[in-house]
Amino acid sequence: MAIGVRQVTKRFGEFVALDDVSLAIPSGSLTVLLGPSGSGKSTLLRVIAGLEVPDAGEVTIFETDATPLPPQKRGVGFVFQHYAAFKRMTVRDNVGFGLKIRKRPKKEIRERVDELLELVQLEGLAERYPSQLSGGQRQRMALARALAVEPQVLLLDEPFGALDARVRKELRTWLRRLHDEVHVTTVLVTHDQEEAMEVADRVAVINNGRIEQYGKPRDLYEHPASEFVMTFVGPVTRFRERHIRPHDLEVQLTPNGTSEEATVERVVHLGFEVRVELALAGGEKVLAQVTREEAEQLELLEGQRVFVRPRPKTVFVPATAPARPPA
């Protein structure tokens, strides 16, 4: 186990940011802390980094009690949302800064920086300044700088949050490839569900300072442990007071004994998928998702009468309590 968080509580005045949180992060994994703003995910990352001191509980890094250690002695690399680059230093000097203050030999620094610039696809830009880079390039530079000192753990606090959607998508794909090459234990904070599902080996869903569920992305999506996880991880609609994924709502032209009548209010074509906004008898609004081929076969039109039903075993049934991660 690379990182162990055991019964950690953190308060800011009367506000409880973390409430008896426990989490075990495997060595070499890419783990995402996912949750809405104010859920406690960044506070948990900062506690792991040593930037916040917990009021109770402990943090271990590779079986060593790191709770009393300052950040510089924990063997962690930290990348913030805003790149915190040294504006008057070149890309090369920014990346090599941590090695320089550790008084590594100049030849070693140059070789390590060259290796990292190639790894993060910034070779040829070594002599530029941060202001001459795009947002995505600056963030890759920040990652290279964090990796330069060969940290045991890499901590990323919403590193792509300040970038536009297209660049964010490109960078998270790149980050997953980079992780598969370097295999450093990585913890990423995000509120973006798609980002979490795309890059993570494991996801910890955090809400109100507690971990609602911790597991593989597919398990969270297909077997949510709580109503919050169901509604936060992936699209969801309500069907007669029950939660269901829009793609698990069947739309048919004829009744079959278990379906309900509905009226098509809007049809939205989004490339390979089609979203169908429906109104049940009584006015309840539901959302269905069908493939383009299904939509063509149904020939859906606004005002059309259709019949809908959940697919078997797809309706969410709340668990008695949120799944707690292993200590």
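Small disclaimer: the values here were computed from a predicted structure and weren't measured.

## Points about the overall build of the chain
From N to C terminus, the chain includes nine helices and 17 strands. Taking the principal axes of its C-alpha atoms as reference, the chain extends roughly 75 × 45 × 30 Å. Across the chain, the fraction of contacts at a sequence separation of at least 24, relative to all contacts at a separation of at least 6, is 65%. Total accessible area computed for the chain in this model is approximately 16400 Å², and 50% of it derives from carbon and sulfur atoms.

## Comments concerning the packing of helix α2 (residues 91–101) against helix α3 (residues 106–119)
It is the contact of α2 with α3, at a shortest axis distance of 9 Å, that shows an interaxial angle of 125 degrees. Taken together, the axes of α2 and α3 lie oblique to each other. In this structure, α2 meets α3 at a crossing whose hand is right-handed. Along the contact surface, α2 presents V91, R92, V95, G96, L99 and K100, while α3 presents I109, R110, R112, V113, D114, L116 and L117. Its residues assigned to classes, the contact of α2 with α3 comprises seven nonpolar, one polar and five charged.

## A closer look at the pattern of salt bridges
Within the structure shown, the criterion is met by 25 salt bridges. Here D201 ties to R176 by a salt bridge, and the two come within 3.0 Å at their closest N and O atoms. With D201 in the loop between α6 (193–199) and β9 (202–207) and R176 in helix α5 (residues 165–182), this residue pair connects regions lying 25 residues apart in the sequence. D201 gets classed as partly exposed once you look at its relative accessible area, which sits at 28%.

## Quick word on the nonpolar core
Core analysis: the largest hydrophobic core is formed by 44 residues, its most contacted members being V32, L34, V95, L154, V203 and V205. Considering every element that reaches this core, the biggest residue donor is helix α4 (residues 135–148), with seven residues. Setting aside chain neighbours within four positions, we find V32 in contact with L188, T190, A196, V199, A200, R202, V203 and A204. Core analysis: the second largest hydrophobic core is formed by 27 residues, V21, L33, I61 and V187 among them.

## Some details on the packing of aromatic side chains
Counted by the stated rule, this structure contains three aromatic pairs. On the numbers, 4.5 Å between centres and 35 degrees between planes, the contact of F78 with F80 is tilted. Here F78 falls in the buried class, since its relative accessible area comes to 18%. Relative accessible area serves as the criterion here: at 36%, F80 is assigned to the partly exposed category. Across from the ring centre of W174, 5.9 Å away, lies the NZ or CZ of R140, which sits over that ring.

## Overview of the sheet that holds strand β16 (residues 285–291)
The strand order across the open sheet built from five strands is β13-β17-β14-β15-β16, with neighbouring strands paired in antiparallel fashion. In this open sheet, the two edge strands, each paired with only one partner strand, are β13 (249–252) and β16. Adjacent strand axes in the sheet meet at a mean angle of 45 degrees, parallel and antiparallel pairs treated alike. Looking at chain direction, β13 and strand β17 (residues 305–310) are connected through four bridges and run antiparallel. Across the sheet, L249 pairs through a bridge with P310, a residue of β17.

## Overview of α5
For α5, which comprises 18 residues, the first-to-last C-alpha distance of 26 Å matches the rise-based estimate of 26 Å (1.5 Å per residue) to within 8%. All of the buried residues in α5 are V167, L171, R172, W174, L175, R176, L178 and H179. Close packing links the buried residues of α5 with β3 (30–34), α3, α4, β7 (153–157), β8 (185–190) and α6. Looking one or two residues beyond α5, the residue adopting positive phi is H183, at roughly 60 degrees.

Thresholds applied
- Residues numbered from 1 in each chain as written.
- Predicted model: local features only at pLDDT ≥ 70, side-chain atom pairs only at ≥ 80, totals over all residues.
- Heavy atoms only, no water.
- Helix = DSSP H or I, 4+ residues; strand = E, 2+ residues; numbered from the N terminus.
- Contact = heavy atoms within 4.5 Å.
- Areas by Shrake-Rupley, 256 points an atom, 1.4 Å probe, with all protein chains shown as cover.
- Axes fitted to C-alpha atoms, helices over the stretch in contact; angles between N-to-C directions.
- Parallel < 35°, antiparallel > 145°, perpendicular 65-115°, else oblique.
- Left-handed = near helix turned anticlockwise from the far one by under 90°.
- Nonpolar A, V, L, I, M, F, W, Y, C, P; charged D, E, K, R; others polar.
- Salt bridge = Lys/Arg side-chain N within 4 Å of Asp/Glu carboxyl O.
- Buried < 20%, exposed > 50% of the residue type's maximum accessible area, 1.4 Å probe, protein only.
- Core = buried A, V, L, I, M, F, W, Y, C linked by side-chain atoms within 4.5 Å.
- Phe/Tyr/Trp six-rings, centres within 6.5 Å; stacked < 30°, edge-to-face > 60°.
- Lys NZ or Arg CZ within 6 Å of the ring centre and 35° of its normal.
- Pairing = 2+ DSSP bridges.
- Expected span 1.5 Å × (residues − 1).

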